[in-house]
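# Remarks on the overall topology
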Amino acid sequence: MSVAVDREQELLATVRTIAKDVAAANADDVDRAGRFPTESIDALRGAGALSAPVPEALGGGGASLGAIAACCHELGRACGASAMVFAMHHIQLLTIVRHLERDSWFQSYLHRQVAEGRLIASVTSEVGTGGDMARSIAAVTPAEDGLVSFEKQAPTVSYGAYADDLLTTLRRAPESEPGDQVAALTHSDQHSLEQTGSWDVLGMRGTCSPGSVVRARFPAEQVLATPFAKVAAESMVPISHILWSHLWLGIAEDAFDRSRAFVKAAAKRTPGVTPPAAQRLSRLSGQVALLRGLVTSGLRDFEACAEGPSREQLSTMSMGLRFNNLKIAASEQTRDVCFGALDVCGIMGFKNDTPFSVGRHLRDALSAPLMIANERIHQTNAGLLLIAKEV
Amino acid sequence: MSRGAPPQWSLQTSTNLPIPDYMNETIRKAVEDHARLPVPVSSLADDDDLYQAGMTSHASVNVMLALEDAFDIEFPDRMLKRSVFESVASIQAALTELQAEILS
């Protein structure tokens, strides 16, 4: 137990150093150029952080969701795009680990993950489903030589061009209904991405997420056996909302730290006089504390039923509502804290080249309510609330 | 039943119809009316997966509401999960369990 804890502390310390020395140092360039944060991801791969949650029995570090969440938080303080790529990779990896079946192809895949630190991207959204991830149009289709294939039109594929592997949701078979989904993992030499759109956006510019047509041909053993509906409820959805909210907290805290530094600098210039912005800073500190409470309680509630027989609870409507609400509340609170930081710093925060600049934070935070639109989540929640009781 | 009007299905006991059959029919009617399946419910076996047959999670909420209405019960939150509503048989098992709880 203590060995595992030590290892997690070591992982966190390593990621903290990478966040500070690599991710933060390149964050403004990544943002301005809208380029993939290559330096951060290479450093994280080099440190073994990309394969950290692979179980010890398969040669990995066995890092917990809590440890990965703490890493997302650290990276979020340094570079939103680096943190988002790291988080999305681990959503896929933790999902695979949690639904691993004995003697499946995915076991050998995880061995390979430890050796190579393969970056996984996801292809879950699809043109024509109206943003509903619980439905697919593209299907696992039998191909020649005993292989299977698919072609999927995706409105966004985050860092797809930089990923070693893609996890794609599909209908189980050509005759399956839209909701009868599975997830398939393909390697870059088994799939191709034809870019169909651009990615010139307001924030999270470094995630490089243009639309693409994904085509793949691969052995059927690379399809996860568990139905995607179960995978989504027990792992992918709650883990997404937990890891995202941790990196959003990091973005909000860094914006807050900049506004605190601004007020401190003002106080030093006029000794004995509390700067007017100090009172706004005080209000903002309460908002940050509220966000931290949301984020940490989300992780704690997940951990309480993450393993063993209580894992079934994650499929209940009340837990669905619980993690949907985490996403909605944390995304909006992050945006509000970043706005508040700009309010404190004024023109010095508005400028892009001061120690108190919060423009990148604010623009990155504006993506939070949009990635899986909060309005769509409210629509889902509204349906669940017709029947769920203990919320 | 300890209180309130007896649910519809318990009235059928006086006609010596086996309870599960009436329950099964009522479940199938709720599924037929609200699950929005592309196929008639009569073409499905009790164990067939309703989600695989095309029931969306949105439609499943309407099935649950119809069942609560038809049986005059409320599903507790622990039963509000996908596995309970994935087939006619699993719904029937849940209703039977609830019925036993109410009578005890």
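Residues numbered from 1 in each chain as written. Chains lettered and ligands numbered in written order. Predicted model: local features only at pLDDT ≥ 70, side-chain atom pairs only at ≥ 80, totals over all residues.

### Some remarks on the overall build of chain A
Per the secondary structure count, chain A includes 11 helices and 7 strands. Expected size for 391 residues packed as a compact globule is a radius of gyration near 21 Å; at 21 Å, chain A falls within 12% of this value. Here the C-alpha coordinates of chain A stretch approximately 80 × 50 × 50 Å along the principal axes. Burial status across chain A gives 48% buried among its 391 residues. (Helix = DSSP H or I, 4+ residues; strand = E, 2+ residues; numbered from the N terminus. Rg over C-alpha atoms; globule rule 2.2 N^0.38 Å. Buried ≥ 20, exposed ≤ 12 C-beta atoms within 10 Å, placed from the backbone.)

### Focus on the sheet that holds strand S4 (residues 165–171) of chain A
Residues and elements named next belong to chain A. Taken in spatial order, the 3 strands make up an open sheet running S1-S4-S5, and their pairing is mixed. Edge positions in the sheet fall to strand S1 (120–123) and strand S5 (181–187), since each of these pairs with one other strand and no more. Averaged over all pairs of adjacent strands, the angle between strand axes in this sheet comes to 25 degrees, irrespective of strand direction. Two elements, S1 and S4, share 4 bridges in a ladder whose sense is parallel. Note on S4: the bridge partner recorded for Ser122 is Leu167. Across the face of the sheet, helix H4 (residues 80–98) comes into contact with S1 and S4 while running at roughly 80 degrees to S1. The strands touched by helix H6 (residues 228–269) within the sheet are S4 and S5, with S5 carrying the most contacts at an inclination of about 85 degrees. (Pairing = 2+ DSSP bridges. Axes fitted to C-alpha atoms, helices over the stretch in contact; angles between N-to-C directions. Contact = placed C-beta atoms within 7 Å.)

### Here we look at the sheet that holds strand S2 (residues 141–142) of chain A
Residue and element names in this part refer to chain A. On the basis of which strands lie adjacent, the open sheet formed by 4 strands has the order S2-S3-S7-S6 and antiparallel pairing. What marks the edges here is a single partner per strand, and that holds for S2 and strand S6 (191–195). Here strand S3 (residues 147–154) runs beside strand S7 (residues 212–219); their pairing, made up of 8 bridges, is antiparallel. Looking across to S7, one finds that Ala154 is bridged to Ser212.

Just geometry here; none of it tells us what the structure is for.
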